[in-house]
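# Residue-level structure breakdown
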Amino acid sequence: IHFIDGKWYIYFTAGNAESVWDIRPYALCCEGDPMKDEWKELGRIDVGKESFSLDMTTFFVRGEQYISWAQTIDPEVGSEIFIAKMKDPITRASEPVSISAPEYDWEKQGFKVNEGPAALLHDGKVIITFSASDTGWRYCMGMMWAYEKDNLLDKNSWHKLDKPVFKTSEKNSQFGPGHNSFTTDGEYNVLVYHCRNYKEITGDPLNDPNRHARAKRFTFDENGLPVFGEPVPDNDLFV
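Here goes a summary of the coordinates provided. (Residues numbered from 1 in each chain as written. Predicted model: local features only at pLDDT ≥ 70, side-chain atom pairs only at ≥ 80, totals over all residues. Heavy atoms only, no water.)

### Thoughts on the sheet that holds strand E2 (residues 7-16)
By definition, the strands of a sheet pair up through backbone hydrogen bonds, in either a parallel or an antiparallel sense. Spatially, the four strands line up as an open sheet ordered E1-E2-E3-E4, and their pairing is antiparallel. Sheet topology places strand E1 (2-4) and strand E4 (40-44) at the edges, where each strand pairs with a single neighbour. Across the sheet, the axes of successive neighbouring strands diverge by a mean angle of 40 degrees, strand direction being ignored. Two strands pair when backbone bridges link them, and E1 and E2 are joined in this way by three bridges, in the antiparallel orientation. Bridged to His 2 within E2 is Tyr 9. (Pairing = 2+ DSSP bridges. Helix = DSSP H or I, 4+ residues; strand = E, 2+ residues; numbered from the N terminus. Axes fitted to C-alpha atoms, helices over the stretch in contact; angles between N-to-C directions.)

Now the structure itself:
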């Protein structure tokens, strides 16, 4: 959910009931009170290529709006993170560019996955986190960043870390954290994510419904990059 030029927008994913993986990004808009007033469906967001696509988000850098999302074009590559510039909240203004694809082992466990991008602007950098691997205990968060002044539509502007930045914590009984977003409690930056409190799953972890939402505060290191620590134990409401 995003507040853009006095209106509320929700980017969501939907598809055909007869073909559950035939999914694409859509948008809703509310021009008034998002809790009380009418939401209108604005239709599909054109991402440039017709294939499995989901997890769209948006952010602004130097007055320009961008979108980022996950999309599978080549199954051998897996789902990639794309970016494009926008003319307005629902109209793409540039060709899509892939800025990350599964390349490390921790991105290829179970499935080759980069998905769930979330953007954070800090210290002159555009930071994008994403989720990797299947949705079981090996699910985790990766991170890449570019300087705000650089061309965000050039893959070479992005610096991708070679290790996950948020992953399973056996000691805290938190498994498979990922698909995060960012917010603030007014004083601290807050990471919102989901994970499970058990490891073993029978069958496809996508069919297990118990990935509940969690939240934790985080800080930044001397390089201006976020430090997420470990997933919060169930008995710690907010750390």
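That was the structure; now back to the text.
### Structural notes on the environment of Gly 15
Note that Gly 15 resides in strand E2. Sequence separation between Gly 15 and Trp 145 is 130 residues; the distance between their C-alpha atoms is 31 Å. Discounting residues that sit within four places of it in the chain, Gly 15 has contacts with Asp 22 and Ile 23. (Contact = heavy atoms within 4.5 Å.)

### Brief notes about the side chain of Gln 65
Relative to the helices and strands, Gln 65 is located in strand E6 (residues 64-72). At a separation of 2.8 Å, a polar atom in the side chain of Gln 65 contacts the side chain of Thr 58. Setting aside residues up to four positions removed in sequence, Gln 65 forms contacts with Ile 4, Tyr 11, Thr 58, Phe 59, Phe 60, Ala 84, Lys 85, Met 86, Asp 88 and Pro 89. (Polar contact = N/O pair within 3.5 Å; in protein donor to acceptor, adjacent residues only side chain to side chain.)

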